[in-house]
Amino acid sequence: MVEVSTPTKWALRLVAVGYVFFLVAWPTGLLATRTFEGGVSNLVETLADPDVQSALALTGRVALLAVVINLLFGVTISLLLVRYEFPGKRALSALIDLPLSVSPVVVGLSLVLVYNSRDGWFGPSLSDAGVDVIFHTPGLVMATTFVALPLVIREIVPVLTEIGDDQEQAARSLGANARQTFWRITLPSIKWAVVYGVVLATARSVGEFGAVKVVSNNISGQTQTATLMVEEKYQNFAQDQAYAIAFLLVLVSIACLVIVAVLRPSSEK
Amino acid sequence: MSIDITGVTKRFGDFVALDDVNVSIPTGQLTALLGPSGGGKSTLLRIIAGLDSADTGSIRIEGTDATSLPPQKRNVGFVFQHYAVFKHMSVAKNVAFGLEIRKRPKHEVTQRVEELLGLVHLSQFAHRMPNQLSGGQRQRMALARALAVEPTVLLLDEPFGALDAKVRKELRDWLRRLHDEVHVTTVFVTHDQEEALEVADEIVVINEGRVEQIGSPEQLYDEPANDFVMSFLGEVTTLDGRIVRPHDIEVELAPVPGAVEGTVTRVLRVGFEVKLTVATAGGDVTVAMTRTHLRGLGADEGSRVWLYAAKGAVTVAGTAVKETAVAG
């Protein structure tokens, strides 16, 4: 390592700590202070509101579904990308990164274009079949799934590439079929990458706002998720409630980070 | 015959890895597939195991047509060069894998694993994880794992290639003794002629996708089919247009009828051996002899000498003149 003089070292530390403090720690800390300004009563009252409960439950449901879908497709697509050669592989790989680079609002708008029940491509026929997407839970799940799509895949792909297919071939030569090889060899080898991807996807899904905002009609108790409710409460001058819900969302994120921090070292044994 | 390979051809794009290969591998013996890197021997082994498929040709294992069988139905044990251990399983679990897949009763699995770990001298490591083992131990574990399923044939792909010289030598001797105990038909791939000559009952020499010769180590050494086999199985030099081993050349200081005249240009002493480089009209010839022999002869740099192949020496017409091609 290059030797750095002591003053430079301290200056660098100050910059790093200051940067994180003013951008992250202070605002989040203030959020907690405001939530608990009058003791826990604010939080308790907010949580007692049926609309708040419904919004939190909806966020939980949507996030859970989005994460499960991303988990199943994520593992499958990762295996496809790493273990098989097929035309269009590079294009598929690039397409998977699209949700990271595109604004969530654009994601929401494009989903509306395709699935709205009046003049979307699929919307009217789906609507006739009794499935409403836009302004209903399926639309929220789709939007959330879309924005969190790359997270699981980008965690698994490098691990799969690194472990190679030696162990899988050995399992096959020992009599395991494709399914047994997957459950007994491949999945245990990528376990930690999957867990890490799921945690990241959960954090992202719970916090999603832009894409959800476009596909939801924001009806409290029906299609209003927690993030949407924060915005509404804030704009309606119910700041205390907005802070309380925002604080809960922060708690979820912190829980995710803690899970990752606890899991990571054990994965590197 | 345990494994019959008929007319197997395999291409990777434009590269012909195997070109109409026909080999029969006898039951219960230890057979080496020997050849230079990239010569197609590993590909052939992987095709036997079903890990790769041949473009044309067929594979029969113990009389059963295995050409289109998936690897898990061929009942072969495969040992990989880089061990391919299951990193997340203990040594005992690794060895038990094939048995658990076959849903053998638990007590039987435990007993068999114990037996095999004893066979490969890893009993005290049963509960270790593979990353706590040395390379040699991992490879022995991989071997026990492959033997656990009682395969009809055991296939080893450069099994000692990733190990250092000393461990290699130990494992080589150990594999030979193990085979004498277990007697399973074994095929191993190697590019090391010494390894093949020392361990194998039979050697198949493969070069550029073709079988050059099949025979016992003695046959290959004493009756090489061509200059490639001869030069691959040990050092050679070209004397008067024929390929001959450097230690099979006699040196005289006086003219001998039929001998090749030359001048010693270099004397290289390596341990007990001396290597002379002799400039002749047909190019440089390398001659090997013991130090004692050289002292008795009294030749040195600048001496005029006459060279001829010793009586009974194996010589092969040198089509491609390769000066001291060293295998290994």
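Quick caveat: nothing in here was measured; it's all calculated off a predicted structure.

Procedures and definitions
Residues numbered from 1 in each chain as written. Chains lettered and ligands numbered in written order. Predicted model: local features only at pLDDT ≥ 70, side-chain atom pairs only at ≥ 80, totals over all residues. Heavy atoms only, no water. Helix = DSSP H or I, 4+ residues; strand = E, 2+ residues; numbered from the N terminus. Buried < 20%, exposed > 50% of the residue type's maximum accessible area, 1.4 Å probe, protein only. Contact = heavy atoms within 4.5 Å. Areas by Shrake-Rupley, 256 points an atom, 1.4 Å probe, with all protein chains shown as cover. Lys, Arg positive; Asp, Glu negative; His and termini not counted. Charge placed at Lys NZ, Arg CZ, Asp CG, Glu CD. Buried area = accessible area lost by both parts, 1.4 Å probe. Salt bridge = Lys/Arg side-chain N within 4 Å of Asp/Glu carboxyl O. Polar contact = N/O pair within 3.5 Å; in protein donor to acceptor, adjacent residues only side chain to side chain. Axes fitted to C-alpha atoms, helices over the stretch in contact; angles between N-to-C directions. Parallel < 35°, antiparallel > 145°, perpendicular 65-115°, else oblique. Left-handed = near helix turned anticlockwise from the far one by under 90°. Nonpolar A, V, L, I, M, F, W, Y, C, P; charged D, E, K, R; others polar. Pairing = 2+ DSSP bridges. Core = buried A, V, L, I, M, F, W, Y, C linked by side-chain atoms within 4.5 Å. pLDDT = per-residue confidence, 0-100.

Here the focus is the overall build of chain B. In terms of regular secondary structure, chain B is built from nine helices and 18 strands. Each of the three principal axes of chain B carries a C-alpha extent, and together these read 80 × 45 × 30 Å. The burial tally for chain B puts 53% of its 328 residues in the buried class. Within chain B, counting contacts between residues at least 6 apart in sequence, those at least 24 apart form 66% of the total. In the structure as shown, chain B presents an accessible area of about 14,600 Å², 49% of it carried by carbon and sulfur atoms. Side chains of chain B carry 35 positive and 43 negative charges; the gap between the two charge centres is 8 Å.

A few words now on the interface of chain B and chain A. Opposite the 24 residues of chain B that make contact, chain A presents 17 residues. Buried area between chain B and chain A, both sides added, is near 1,800 Å², and the carbon and sulfur share of it is 59%. Summed over the shared surface of chain B and chain A, the result is one salt bridge. On inspection of chain B and its partner chain A, the count reaches five residue pairs in polar contact (both at pLDDT 80 or more). Looking at the side of chain B that touches chain A, the elements with two or more residues in it are strand E6 (76–79), helix H2 (91–101) and helix H4 (135–148) of chain B.

Residue and element names in this part refer to chain A. It is the contact of helix H3 (residues 50–83) with helix H10 (residues 178–207), at a shortest axis distance of 9 Å, that shows an interaxial angle of 140°. The orientation of H3 with respect to H10, classified from their angle, is oblique. Crossing handedness for the pair H3 and H10: right-handed. Residue-level contacts link Thr59, Ala63, Ala66, Val67, Leu71, Val75 and Leu79 of H3 to Phe182, Thr186, Val194, Val198, Ala201, Thr202, Ser205 and Val206 of H10. Residue composition of the contact of H3 with H10, grouped by class: eleven nonpolar, four polar and no charged.

Let's shift gears to the sheet that holds strand E2 (residues 15–25) of chain B. All names here are of chain B. Taken in spatial order, the four strands make up an open sheet running E2-E1-E4-E5, and their pairing is antiparallel. A single partner strand is all that each edge strand has here, and the edge strands are E2 and strand E5 (64–65). Set on the sheet, helix H1 (residues 41–49) makes contact with strand E1 (3–12), E2 and strand E4 (56–61); between it and E1 the angle comes to about 120°.

This paragraph deals with the nonpolar core. Residue and element names in this part refer to chain B. Residues Val95, Val113, Leu117, Leu143, Leu154 and Ile203 are the most contacted members of the largest nonpolar core, which totals 47 residues. Sort the elements by how many residues they give to this core and H4 lands first, with seven residues. Among residues more than four places away in sequence, those in contact with isoleucine 203 are Ala32, Leu34, Ala196, Leu197, Gln213, Ile214, Gly215, Pro217 and Leu220.

Quick look at the confidence of the model for chain B now. Residues and elements named next belong to chain B. When pLDDT is averaged across chain B, the result is 89; 97% of the residues are at 70 or more. At the level of individual helices and strands, chain B shows its lowest average pLDDT in strand E18 (residues 315–317), which scores 85, and its highest in H2, which scores 94. Taken together, the stretch residues 320–328 has pLDDT below 50 and engages in 25 contacts with residues farther than four places along the chain or on a different chain.

As a further point, take the pairing of strand E10 (residues 210–215) of chain B. Residues and elements named next belong to chain B. Two elements, strand E9 (residues 202–207) and E10, share five bridges in a ladder whose sense is antiparallel. Within E10, the residue paired with valine 204 across the bridge is isoleucine 214. Taken together, E9 and the strand that follows it, E10, pair antiparallel across an intervening segment of two residues, in which glutamate 208 is found at a positive phi of about 45°.

For the rest of this paragraph, the subject is unusual backbone geometry. The phi dihedral of glutamate 62 of chain B falls on the positive side, at around 50°, and the residue is not glycine. By relative accessible area, glutamate 62 of chain B is classed as partly exposed at 39%.

Our next topic: the sheet that holds strand E16 (residues 283–290) of chain B. All names here are of chain B. The antiparallel open sheet is built from five strands, whose spatial order is E13-E17-E14-E15-E16. Each of the sheet's edge strands pairs with one partner strand only, and the pair in question is strand E13 (249–252) and E16. Strand-to-strand twist in this sheet, taken as the mean axis angle between neighbours without regard to direction, amounts to 45°. One ladder, built from eight bridges, connects strand E15 (residues 273–280) with E16; its direction is antiparallel. Paired with valine 278 across the two strands is valine 285, which belongs to E16.

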